Every structure is written in structure tokens, then in C-alpha cells.
Amino acid sequence: MYSLREKTVPVPDGSGAQSSEASARRQQFKKLAGFTIRKSPSFLRDKLQPCHLEMDGKDVFVCPSATSSHRPTVISSEGKYTYSPLNQLNPKTVVNVYGVVNFFKQPFPSKGSDYCSTLKITDQSDAKVGCTIFSKNLEDHPVIFRVGDIIRLHRFKADTFNDSMTLVNTFGWSTVTFDGIIDSPIVPRTSSKSFHFGESDKRAVQELRQWAANQSLMPSGPAVPLSSVQPRMYFDLTCQLLAKAVMDSRCILLKVWDGTKGEHPLLKVAVTPDTIEGESTVAKDRMNLTANVLVYDNHVEVARCLKPGTFLRIYNLHAVSQRAPEQLPDQPEHLGFHLHGGTSYGRGLRCLPAESLELQSLKRVLENHVDLDDDEVNDGTLLEIWYTPPESVVMPNDEEPDGEADVGLSRTVLTCEHSFQRVTLAQVKSSTPPLVCHVRAQVKKYQPQQLYQCLKLFCSKCKTMREVPDDSTIGKLFQESARDDQPCHEFWAATSLRSTEAGRIISMHISRDMVGESTHTQLIFIQGITLDEVCLLSRDYKNLVPVRSGNGRMNLMDLTAPFLFCGDKRYYGCKHCSENTFENPVFTGVENWDEQRIAEALGVQLMQYGLLVQFELEDQTDTLEALLWENSERFFHVSAVDTSASQDLQDKVQTIMDTLQPPGSRMEERPWLDLCLSAYTVQDKVCYQITNTVTRED
């Protein structure tokens, strides 16, 4: 390593290795100061210079010499860079170029450890040059959205491959891309922390835009909307991501929309509710607005990183006619969407930039649907389970159900006082709700199959429902809170501190008023703690409230996490209805603190636990889907909140379900159930719910 204090040296123009004769003709004299000479890390690969100069925070001043008239025409960038036309590239040289993208593939894993991007570019010289970029980091690759985008490449090595000129990135390379549409904002897209961009660059982009428009290089129109998609079509879709769910290690489901209604029925992909990340799409599903896109293989990694609400461009999406499960032959086929593996035809997906004109147009279309009623239930069949079924209308029946045989003892008992005959499921489905009736049927199947997933959280105030989060989700919230937490001070709280072995500070706060009433051990606020630690402490303390600091004040954690730990039980608050404030808490006048009193003191709307199961029932005449919700605790002889904290009670629910539908059994081997059914309508949809029924405890 050598230090170069100040020296004037001849440097070959064009940044590449030239012959001695050409070098003598085309060299410039440059004054260099404050550089360090180091061995080039790319010498073995590019066979260019064995050493390079490194500069730390200083400017380079270039004094160009007079040039001969036969030098190639270049675009100057305030004297900092020169740009070569694509038809005048020489092999084994390192160049800077501008070009219009006429083909591209999104980054894909190479055979080594890098990601690889491939593209083809052209310019006013009409030359077409291929370009290959290797980088370990996805974010370093050029951000290209469509054919016609403008790209600037710095420090790329030109060479020939199969008699064609190609460009490959070398040491110190960089790329900047721009929207190719005329009159769109000239906003550079790059991951570089700093880059040069001046008036000459703006002129270069504008000139290339105009030239590309005259050459018809820009796409004839925007991506195809869902309303225009036909079966067997490959197309690009501009859309918003509503929700996603991992299907398996090589497939992920993206639920997207673009505000237009499909001409064909859109296929609905069944997933378990706990796997879905994002908002409910029930209302949009009903209106045929949601496209279920199955993403495969090399695109899964990108899809996993997408956040619901993101605006996307999906390239080379395949529309396929498919039959939905159990669909009747005379019903029309549904349209499914597949993003196949590989990179052929530019296949892939990418987030849209904020300045994109297509994004602004898409947002205006979506705003027309802002009044869609999207509740937080993840399964469309469970949308309106909180509506109370009618009890006043009874279905009359003067005869026994057709074909009913002596089926022996029912595994369930009716608890209502209705005195009317049983009816068949076919009669129920042909009747007009509201009504209440008795049926005898068997369980054909039920959801969810993993019964711990039937535990739900329900807000009685705003009528929303959500899943009980798993420990992984809660643990991340606690880790983030513990890592970023700062001390907080409240006039009403006394605080004690404890240091962990890792050097983390755990704060415990208690109410000064409760100390005076000797009830302070009933309610403790704890800060800077992990989920495992709070679970251990909850064995010894009655009520623990995890908190964090915000601007020096005490706040509850994100209500995705429990706001209260009480032994093995966890209590959650409604995000929509909770005030979530500590400004003027009142902790006096209460002898025994329970979850309801604590929620009221903290301004939290307490969510209730419930058990939700969807049955498909069958008798000799028909099948029918019915929900078990309001009657579920009586049906299973358990408390939902106790079940959430007890493996024994969860096993009890599983045992009962195994009795109603023995694993591996045929329909004729399954027991019959006497059930009280309530039928009612919600938004023109007929719903059925099991009420006034319990299982036999013997």
C-alpha cells in the first residue's frame, strides 16, 4: 500500500486498458491528491489494472486535454463522467452508458452465491447490447418496472459474447433507472447512498424518452386490468396486495385487487385462517374483485417480504381456467392465477415506486371502493357469526322427515323448550328464513381441523373478530419493545429497577394509591421484559401489565399482544375501541382486581374469547354448513377463556370432535346428532347456526 500525496499523471481516457499507441493518443492529464494505491480486488476477474486508487472524502478535479476530431461522441456530465454510445463500445474496456431497456428479467439466484439480473438496452445509435449484473444483495440490482425505462450504467466492462457486445458489472459499478414515460417526473431509482445527477443527466433522460417514444419502444398501454383478463392469457398486472398466506415451502398465496371486476368468476383458494397475513377480503370476494395469485419457486422469497397494502407489478402472470372443489359440472369454470417459476419472458414481481403514474391511476380507481365492508374475519363463511340468530320463528312440520330410519341414540341433547317435529336438511334449505327448527344429521367434516385454531377473540362493542396470535408473533413484539425501550416516569407510579445478565434493565411500576390500600401486589406494570420472562413472573404475581415508554410517558404495548397476563391466562384489547391511555388512571376503591376492572382502568375494550367451529352436516336428503359459535361453550362443556390456558380442556374439545367424527371413519359409522338450527340472513346471504344443543358427557 502506498500513499500518493500529490502527483500529475497521464490516465487513459475511457477507464479501460488501451494499446500503448491508442493510449498515447487518447490520454488525459489528471492531478490526483490524497489517494491510496491498493491492489485491485477485481484484477483476476477483469484482467484490467492490477492496482487502483482509493480516495477518502476528497474531490477529484479533471483537466481534460484537447481531443482529436475522430474521438467518439460522448455525453458529458458536468465533467465528472463521460458516456459512450452503444455502437462505439470496445471489448475489454470499462465504460459508462445510458440506454433504453427493451428487455429485462427480475433478479434471480445464480448458480453461485449472487443474484443475477439480465437486460438488453438500446440508444439513439440503434445498437442493442445485452447486460448482465451479479450482486449478492437484491437491493443493489437495478429497479426496472417496464420495457422503455431508462437506465444509466457506471463502470461496466464491455466484451463480446457469441459475436455480440455485452456489458458486465465490475468493481465500483452502479446503476440508476428512470421512468421512460414522457412528462413523468425524472426521479432516480437507485439503492446507492450517494450518486451524481446533474442537468446533463436530465437532458440525457429526456432525449432518450423522446427518442424511445418516436421508435415505439414504450409499451402500447398499461398492464392489463382484471376486468379484461381472459383464460390462458399471460399478462402484466398492476395491483395492490390485500393479504398473503404461505401454502408450503415452494408456494405462497397473494390476494390482490386492482379495483376492476373480473368478467369470469375468480377462483377462491381455501387456506386456514391463522396462516393469512393482512386484511379480510370477504366483501371483495363476494363482488368478484379479489384475484388469488399462487406464486411459485424462485419468486417465493420476494413474495415473503411483501407487506399487505403494497402496490405491485406482477409480470407474465398466467390466467388459468379451473374448477373449484366440489363444483357442479354445469357451473362455469373459475379463473385462477399462477406466477410460475423461472424468469422466462421477464416473469417476476416488484413493488411500484411512489412516483409511478400508474400507481396514482390505480389509487384513484381503488378509492371508488373505500366503503366496502371489510371485517376482520379471515374466512368468508364466518363473516357474520356475531349476528344473534332469531329465536321467535319456528318452522312448522306436520309429518315425519322422509326416509328417516331408526338411527339409535343421538350423541347430542337439545336444551330448548321447542315442541315441534324434526325436518330434513333439504326442507331447511328450501324454507325462507328467519326460522328455528330441529334436525337430525351427521358431521361430514368440520373446520378448523387443528382445533386450537377455533379459539377466537371477539369485541362485543364493534363486532370484530380476530385470531389469537401465536407466541412467535407476541415474542417479536416483546423483543422490539425491550430493545428500544427508554425509562419513563409517572407521578402516580413507584418504580423499581432490575438488571438482567445481558445488561438489560427491567422496570416494575406499581400504583402509589394501591400501596396505600395494600392492593399493589394485585396489579404490576412491567417494562423492558421478554415474553418468556413475563410468563415466568406471572406464576408469582396475580396481574401483570406489559408497558413501554413513549416520549418519557408510559404506554401499553401494541394491542396485538396481550395487555394483561393473569397466571396462564392472557387477555387482549380491541385495537378499534380501546382508548389506550395512562394520562389519568384511577386505581383506588377496588378491593379485588380482575380483568374487567383492569381493562376499564386502562381504557381498554376487553376482547372476549370464543370457540368457533364450522360444520358440514349431512342427512339422507342434503348437506348444509352450520356454525357453532354462541352455543359453543355449552356444546363442549368448557369455558373459552379457560380453554385458552389449559391443554387438558383443549384435549377435551378434541376428544368430543373425535367422537362426532371418528378419525378415518366412513359416513355410515358416524353417530347421529339431534340439533337445533337457527336460519337467518345477513346481506342477502342465508346463514345457519347451531343453538340450544349440548353433547352427551357420558
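Further up the page is the structure itself.
About the criteria used
Residues numbered from 1 in each chain as written. Predicted model: local features only at pLDDT ≥ 70, side-chain atom pairs only at ≥ 80, totals over all residues. Heavy atoms only, no water. Helix = DSSP H or I, 4+ residues; strand = E, 2+ residues; numbered from the N terminus. Buried < 20%, exposed > 50% of the residue type's maximum accessible area, 1.4 Å probe, protein only. Disulfide = S-S within 2.5 Å. Contact = heavy atoms within 4.5 Å. Pairing = 2+ DSSP bridges. Axes fitted to C-alpha atoms, helices over the stretch in contact; angles between N-to-C directions. Phe/Tyr/Trp six-rings, centres within 6.5 Å; stacked < 30°, edge-to-face > 60°. Salt bridge = Lys/Arg side-chain N within 4 Å of Asp/Glu carboxyl O. Expected span 1.5 Å × (residues − 1). Core = buried A, V, L, I, M, F, W, Y, C linked by side-chain atoms within 4.5 Å.

*Asks:* So, the side chain of Gln661: which residues are in play, and what are the values?
*Replies:* Mapping Gln661 onto the fold places it in the loop between α14 (647-660) and β34 (673-682). Assessed through its relative accessible area of 15%, Gln661 is described here as buried.

*Asks:* Tell me about the state of the cysteines, and please be specific about residues and values.
*Replies:* Across all of its chains, the model carries zero disulfides by this definition. Looking at Cys351, it has no disulfide partner, and the nearest cysteine sulfur is the one in Cys305, 9.3 Å off. Residue classification places Cys351 among the partly exposed positions, given a relative accessible area of 34%.

*Asks:* Can you lay out the side chain of Asp159 for me, pointing to particular residues and giving the numbers?
*Replies:* The topology assignment puts Asp159 in strand β10 (residues 150-161). Contacts of Asp159, omitting those with residues within four sequence positions, involve Pro91, Lys92, Ser164, Met165 and Thr166.

*Asks:* Please set out the sheet that holds strand β22 (residues 455-458) residue by residue, giving values where relevant.
*Replies:* Within a beta sheet, neighbouring strands are joined by backbone hydrogen bonds and run either parallel or antiparallel to one another. Taken in spatial order, the three strands make up an open sheet running β23-β22-β31, and their pairing is antiparallel. Pairing within the sheet leaves two strands with one partner each, and these edge strands are β23 (465-467) and β31 (608-611). Neighbour to neighbour, the strand axes of the sheet diverge by 40° on average, direction disregarded. Where β22 meets β31, four bridges bridge the pair, whose relative direction is antiparallel. Within β31, the position partnered with Lys456 by the bridge is Gly610.

*Asks:* Quick one: what's the story with the pairing of strand β12 (residues 234-248), residue by residue and with numbers?
*Replies:* The side chains of a regular strand alternate, residue by residue, between the two faces of the sheet. Here β12 runs beside strand β16 (residues 311-322); their pairing, made up of six bridges, is antiparallel. Bridged to Leu237 within β16 is Ile314. Here β12 hands over to strand β13 (residues 251-257) after two residues, the two strands then running antiparallel side by side. Relative to strand β14 (residues 276-278), β12 runs antiparallel, the two sharing three bridges. Within the sheet, the bridge partner assigned to Ala245 lies in β14 and is Ile276.

*Asks:* Explain unusual backbone geometry to me, using residue names and the numbers behind them.
*Replies:* Residue Pro448 is reached from Gln447 by a cis peptide bond, and omega for that bond is 0°. Even without a glycine there, the phi angle at Lys92 is positive, about 70°. Topologically, Lys92 is positioned in the loop between β6 (81-83) and β7 (93-109). One non-glycine residue, Asn162, adopts positive backbone phi at about 55°.

*Asks:* How would you sum up the packing of aromatic side chains? Please name residues and give values.
*Replies:* A full pass over the atoms with the stated rule returns ten aromatic pairs. Summarising the aromatic geometry, the rings of Phe458 and Trp629 are spaced 5.7 Å apart at their centres and angled 75° between planes, so their arrangement reads as edge-to-face. Remark: Trp629 occurs in the loop between β33 (623-628) and α12 (632-636) and Phe458 occurs in strand β22; sequence separation between them is 171 residues. With relative accessibility at 9%, the residue Trp629 sits in the buried group. With a centroid separation of 6.5 Å and 75° between ring planes, the pair formed by Tyr572 and Tyr609 is classed as edge-to-face. Of this pair, Tyr572 sits in the loop between β30 (569-571) and α11 (595-602) while Tyr609 sits in strand β31, placing them 37 residues apart in sequence.

*Asks:* Describe in detail the pattern of salt bridges, supporting the description with residues and values.
*Replies:* In the structure shown here, the tally under the stated rule is 19 salt bridges. For the salt bridge of Arg146 with Asp179, the shortest nitrogen-to-oxygen distance reads 3.2 Å. In this pair, Arg146 is assigned in the loop between β9 (128-135) and β10 and Asp179 in the loop between β11 (164-178) and α3 (199-214), connecting sequence segments 33 residues apart. With a relative accessible area of 9%, Arg146 lands in the buried category. Judged by its relative accessible area of 8%, Asp179 is buried. The salt bridge partner of Arg666 is Glu668, with a shortest N-O separation of 2.8 Å. Here Arg666 falls in the partly exposed class, since its relative accessible area comes to 49%. Classification of Glu668 as exposed rests on a relative accessible area of 58%.

*Asks:* Tell me about α3, residues and numbers included.
*Replies:* Helix length check: α3 (16 residues) gives 23 Å between terminal C-alpha atoms against 22 Å at 1.5 Å per residue, within 8%. When α3 is considered as a whole, its buried residues turn out to be Ser200, Asp201, Ala204, Val205, Leu208, Arg209, Trp211 and Ala212. After α3 finishes, the residue Ser216 shows a positive phi value of roughly 60°.

*Asks:* Account for the nonpolar core, naming residues and giving values.
*Replies:* In terms of nonpolar packing, the biggest core is built from 54 residues, with Val439, Phe478, Val534, Phe615, Leu617, Phe636 and Leu677 touching the most fellow members. In terms of residues, this core owes the most to one element, strand β21 (residues 435-447), which gives six residues. Once residues within four sequence positions are removed from consideration, Phe636 is found in contact with Leu611, Val613, Leu628, Lys652, Val653, Ile656 and Met657. Among the nonpolar cores identified, the runner-up in size contains 29 residues, and Phe145, Met165, Phe311 and Leu352 belong to it.

*Asks:* Lay out the sheet that holds β10 in plain terms, naming residues and giving numbers.
*Replies:* Around the barrel, which closes on itself, the five strands sit in the order β7-β8-β9-β11-β10 with mixed pairing between neighbours. Put simply, the sheet's adjacent strands are angled 50° from each other on average, direction ignored. Here strand β8 (residues 115-122) runs beside β9; their pairing, made up of eight bridges, is antiparallel. The residue bridging Thr122 from the neighbouring strand is Lys128, located in β9. Packed onto the sheet, α3 meets β7, β8, β10 and β11 and runs at close to 60° relative to β7.

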